[in-house]
Amino acid sequence: YKPSVSPEMDIMEYCRKEWRGNTPVAKTMRKGYEAVAQKFASIRRIRGDNYCAFRATLFQALSQATQLPSWLQSEDFTMLPENLLNKYDWIKQWQLKQKPGNKMGEISDEIKEYLILLRKKWKNISEIKDPFEKQEACDKLFKNEEEEYSLYEALKFLMLNTAIELYNDDKNGKRVPVFSWLLFARDTSSNPCQLMHNHLNHIGHSGGLEQVEMFLLAYALQYTIQVYRLYKYSTDEFITLYPNDPEEDWPVVTLITEDDRHYNIPVRMCQETML
């Protein structure tokens, strides 16, 4: 079993180890890492399976959580699976982790359990005041495979719920963010049902998150996901925000990617940056 989140390592040391050559790509990567090192001292490697975008985002969100987000506090949060299944029969084909072919009632109960777990973990970790204890609690959670993967199932379901809301808003003539049009402009996801079948059901199994789905994850969590995209160094896409017009009160988490497929996390903000 590989650790989900590796221990801290000095960013430039990591970069020197990974990018030794003198190819144009290696030079770009080194410059990218140097820019990140202006703000952050260390990097933590994220386990490279198809959940790494979820893992990096959730780990960062929990590491800095000081309160439960308002959407996690709402009364009907845990009723979400039941309410959606009552409206949309096709959700019965949701692919649960390693448990294909579940009956309708079971799917609803199982996802409800994942949502309850997400709320409980978020609440417990956000209440820890001591930063070292908080970090220990996060490390411990991401060493528990059963719980960790259950949390990703919860995130996937929240993404589906958000996609349904955006799709309906658009159909009802309400304003929706631009990424929502892009999401449903794809041949493979022209509506939420297709999005579930062709994309969400595969995340973690045969694929990770695509760019447009990073926006959806950000909206589902009501977090701004800031990503250093190292191969885009010296272009205006080097630091990309999902969403690119974030709400002012959304907290920000920061990730690093070399290729838009695998994500690691920068940690320990440099002192002068914090001031």
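Cut-offs applied
Counting of residues starts from 1 at the beginning of each chain's written sequence and follows it residue by residue. Reporting in this predicted model follows two pLDDT cut-offs: at least 70 for local features of residues, and 80 or more for side-chain atom pairs to be given and counted; totals over whole chains, interfaces and linings ignore these cut-offs and use all residues. Side-chain calculation: all heavy atoms of the structure are included, whereas hydrogens and water are not. UniProt positions are given in the numbering used here, feature names are shortened, and annotations may be inferred rather than shown by experiment. Here the axes come from fitting lines to C-alpha atoms, over the contacting stretch only for helices, and the angles between their N-to-C directions go from 0 to 180 degrees. For helices the rule is a DSSP run of H or I covering at least 4 residues; for strands it is a run of E covering at least 2, with both sets numbered from the N terminus onward. To sort the angles, those under 35 degrees are grouped as roughly parallel, those over 145 as roughly antiparallel, those from 65 to 115 as roughly perpendicular, and the leftovers as oblique. Residue contacts are defined here by distance: any two heavy atoms, one from each residue, within 4.5 Å place the two residues in contact. All amino acids are sorted into three groups, where Ala, Val, Leu, Ile, Met, Phe, Trp, Tyr, Cys and Pro are nonpolar, Asp, Glu, Lys and Arg are charged, and the leftover types, Gly among them, are polar. Throughout this description, buried means an accessible area under 20% of the type-specific maximum (1.4 Å probe, protein chains only), exposed means over 50%, and partly exposed covers the range between.

- The name that an unreviewed UniProt entry assigns to the chain is OTUL thioesterase, with the source organism given as Xiphorhynchus elegans.
- According to UniProt, the comment filed for the chain under the heading Subcellular location (unreviewed entry) is "Cytoplasm".

### Side note on the packing of helix α8 (residues 145-171) against helix α9 (residues 178-185)
And step 1. Interaxial distance between α8 and α9 falls to 10 Å at its minimum, and their mutual angle equals 100°. Relative to α9, the element α8 is oriented roughly perpendicular. Facing α8, whose interface residues are Ala163, Leu166, Tyr167 and Asp170, α9 presents Phe179, Ser180, Trp181, Leu183 and Phe184.
And step 2. For the contact of α8 with α9, the per-class residue count stands at seven nonpolar, one polar and one charged.

### Observations regarding the UniProt feature "active site" (unreviewed entry) in the chain
And step 1. Under the present numbering, the feature "active site" (unreviewed entry) in UniProt falls on Asp49, Cys52 and His262. Despite a sequence span of 214 residues, these residues sit close together in the fold, their greatest C-alpha distance being 8.3 Å.
And step 2. Counting through the fold element by element, Asp49 comes out in the loop between β2 (40-44) and α3 (52-63).
And step 3. Relative accessible area serves as the criterion here: at 22%, Asp49 is assigned to the partly exposed category.
And step 4. Apart from residues no more than four positions distant in its own chain, Asp49 is found in contact with Arg55 and Tyr149.
And step 5. Note on placement: His262 falls in the loop between β5 (252-257) and β6 (263-269).
And step 6. Apart from residues no more than four positions distant in its own chain, His262 is found in contact with Ile46, Arg47, Gly48, Cys52, Ile256 and Thr257.

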